[in-house]
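These are the residues of each chain, in order.
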Amino acid sequence: MILDLFGLQGKVALVTGSNTGVGQGVCRAYAEAGAKVVGVSRRPSTETEEIIGSDSFYNVIADLSSCGVVPEVVEKALARFGRIDILVNNAGIIKRCDSIDVSEEDWDSVLNVNLKTVFFLTQAVAKQFVKQGQGGKVINIASMLSYQGGIRVPSYTASKSAIKGLTMALANEWAKYGINVNAIAPGYMATNNTEQLRKDGERSADILARIPAGRWGTPADLEGAAVYLASAASDYVNGFTLAVDGGWLGR
Ligand code: NAP
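Summarised in this report is the structure supplied together with it.

1. Here's the deal with the nonpolar core
So, point 1. Counting residues in hydrophobic clusters, the biggest one holds 27 residues, and the most contacted among them are Leu14, Val73, Leu121 and Val125.
So, point 2. For this core, the secondary structure elements donating two or more residues are strand 1 (12-16), strand 2 (36-41), helix 3 (70-81), helix 4 (104-132), helix 5 (154-174) and strand 6 (179-186).
So, point 3. Sort the elements by how many residues they give to this core and helix 3 lands first, with five residues.
So, point 4. Leaving out residues up to four positions away in the same chain, Val125 has contacts with Leu14, Val74, Ile84 and Leu87.
So, point 5. Judged by nonpolar contacts, the second largest core, of 26 residues, contains Val15, Cys27, Ile52 and Phe57.

2. Considering the environment of Asp221
So, point 1. For Asp221, the location among the structural elements is in helix 8 (residues 219-230).
So, point 2. Considered as a pair, Asp221 and Val153 are 68 residues apart in the sequence and their alpha carbons are 24 Å apart.
So, point 3. Setting aside residues up to four positions removed in sequence, Asp221 forms contacts with Met189, Arg215 and Val244.
So, point 4. There is a polar contact of 2.9 Å between the side chain of Asp221 and the side chain of Arg215.
So, point 5. Engagement of the side chain of Asp221 in a polar contact is seen with the backbone nitrogen of Thr218, the distance being 2.8 Å.

3. What about the site of the ligand?
So, point 1. With respect to spatial proximity, 29 residues lie near the ligand, and among them Asn19, Arg43, Asn90, Tyr156 and Thr191 are the closest.
So, point 2. Here an oxygen atom of the ligand and a side-chain polar atom of Asn19 are 2.6 Å apart.
So, point 3. A distance of 2.8 Å separates an oxygen atom of the ligand from a polar atom in the backbone of Met189.
So, point 4. Out of a free accessible area of 880 Å², the ligand has 94% covered by protein chains.
So, point 5. When its residues are assigned to classes, the shell around the ligand shows 12 nonpolar, 13 polar and four charged.

4. Considering a nonpolar patch on the surface
So, point 1. A surface patch of nonpolar side chains, amounting to about 560 Å² of accessible area, comprises Met1, Ile2, Leu3, Leu5 and Phe6.
So, point 2. The class of Leu5 is partly exposed, set by a relative accessible area of 37%.

5. Comments concerning the sheet that holds strand 3 (residues 57-61)
So, point 1. Pairing is parallel across the open sheet formed by seven strands, whose spatial order is 3-2-1-4-5-6-7. Each edge of the sheet is formed by a strand with only one pairing partner; in this case those strands are strand 3 and strand 7 (241-244). The mean angle between the axes of side-by-side strands here comes to 20°, regardless of whether they run parallel or antiparallel.
So, point 2. In the sheet, strand 6 pairs with strand 7 via four bridges, with the strands oriented parallel. Of the residues in strand 7, the one forming a bridge with Ala185 is Ala243.
So, point 3. Along the sheet face, helix 4 touches strand 1, strand 4 (86-89), strand 5 (136-141) and strand 6 and points at about 175° away from the line of strand 4.
So, point 4. Its contacts with the sheet place helix 5 against strand 5, strand 6 and strand 7, and it is angled at close to 160° to strand 6.

6. Observations regarding the packing of aromatic side chains
So, point 1. Counted by the stated rule, this structure contains four aromatic pairs.
So, point 2. For the pair Tyr188 and Trp216, a centre-to-centre distance of 5.9 Å together with 90° between the ring planes defines the contact as edge-to-face. One end of the pair, Tyr188, is in the loop between strand 6 and helix 6 (195-199); the other, Trp216, is in the loop between helix 7 (201-210) and helix 8, with 28 residues separating them in the sequence. Residues Tyr188 and Trp216 agree in their burial class; the two are buried.

7. Description of the pairing of strand 4
So, point 1. By the alternation rule, side chains of strand 4 split into Ile86 and Val88 and Leu87 and Asn89, which are all buried.
So, point 2. As paired strands, strand 4 and strand 5 are joined by four bridges and run parallel to one another. Of the residues in strand 5, the one forming a bridge with Val88 is Ile139.

Definitions and limits used
Residues numbered from 1 in each chain as written. Predicted model: local features only at pLDDT ≥ 70, side-chain atom pairs only at ≥ 80, totals over all residues. Heavy atoms only, no water. Core = buried A, V, L, I, M, F, W, Y, C linked by side-chain atoms within 4.5 Å. Buried < 20%, exposed > 50% of the residue type's maximum accessible area, 1.4 Å probe, protein only. Helix = DSSP H or I, 4+ residues; strand = E, 2+ residues; numbered from the N terminus. Contact = heavy atoms within 4.5 Å. Polar contact = N/O pair within 3.5 Å; in protein donor to acceptor, adjacent residues only side chain to side chain. Near = heavy atom within 4 Å. Areas by Shrake-Rupley, 256 points an atom, 1.4 Å probe, with all protein chains shown as cover. Nonpolar A, V, L, I, M, F, W, Y, C, P; charged D, E, K, R; others polar. Patch = residues over 30% accessible without salt bridge, like charges linked within 9 Å, V, L, I, M, F, W, Y side chains within 5 Å. Salt bridge = Lys/Arg side-chain N within 4 Å of Asp/Glu carboxyl O. Pairing = 2+ DSSP bridges. Axes fitted to C-alpha atoms, helices over the stretch in contact; angles between N-to-C directions. Phe/Tyr/Trp six-rings, centres within 6.5 Å; stacked < 30°, edge-to-face > 60°.

Following this line, the structure appears as structure tokens:
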């Protein structure tokens, strides 16, 4: 049955930023598709655990602003569920500031979480995939600003454009191990990430007017793409960044 290809029974997923927003939605969807989920968050993912239940969800507390935490995150995930099959690099931050005023500290904070730790966590998990010998799935959360410049978010745009490139680079090297590396580029979603934008009446109206679907997205809108790219249904999809954007990019 074609729908069986989308199931995640017996799989273990590691999802960063599991306490809220997109990450919480992905954790919930993976558990519903049959996976065990390790959620990584700097604050406890209490609500996510309540939704999924502690049999299928395990929370690792870690601050991903330094990639020094990577070995411990992977060790704890393996200690709880014994393997890793899926990695979702979802945790991310955004700092809004005129480019002329951006400080080195702010630049580094965004690039560290959104890019550097993503690379080294992915490298560590890929080593585990190779060790297990059964391939694996990496899903990076990119952005519309993997394609566009954006306004007043230069460090975020740099990080998310790099994520799109990195997705292709890693896919090229690791397809031979049965590892699929892909990304999802969400459009404008109603989460903490866009709270400031949505509070700015003028910007919010401009954005909404440009979305052909006529509404902001929600984490639930990304769940189908996240399950697809984690499942056997996408085994021949490599290095692609899939926009889930209500039509924004095509406009
Ligand atoms: P969000 O609600 O702000 O979620 C971001 C997640 O990343 C939170 O769980 C956050 O934890 C976590 N995080 C941030 N810094 C961290 C750190 N140092 N260590 C560990 N976890 C950290 O926003 P979201 O929209 O769900 O964002 C999820 C991803 O989607 C991000 O990569 C974002 O760039 C991307 N995205 C969002 C949109 C959108 O319109 N919302 C559009 C395109 C792409 P805390 O709650 O503790 O901060």
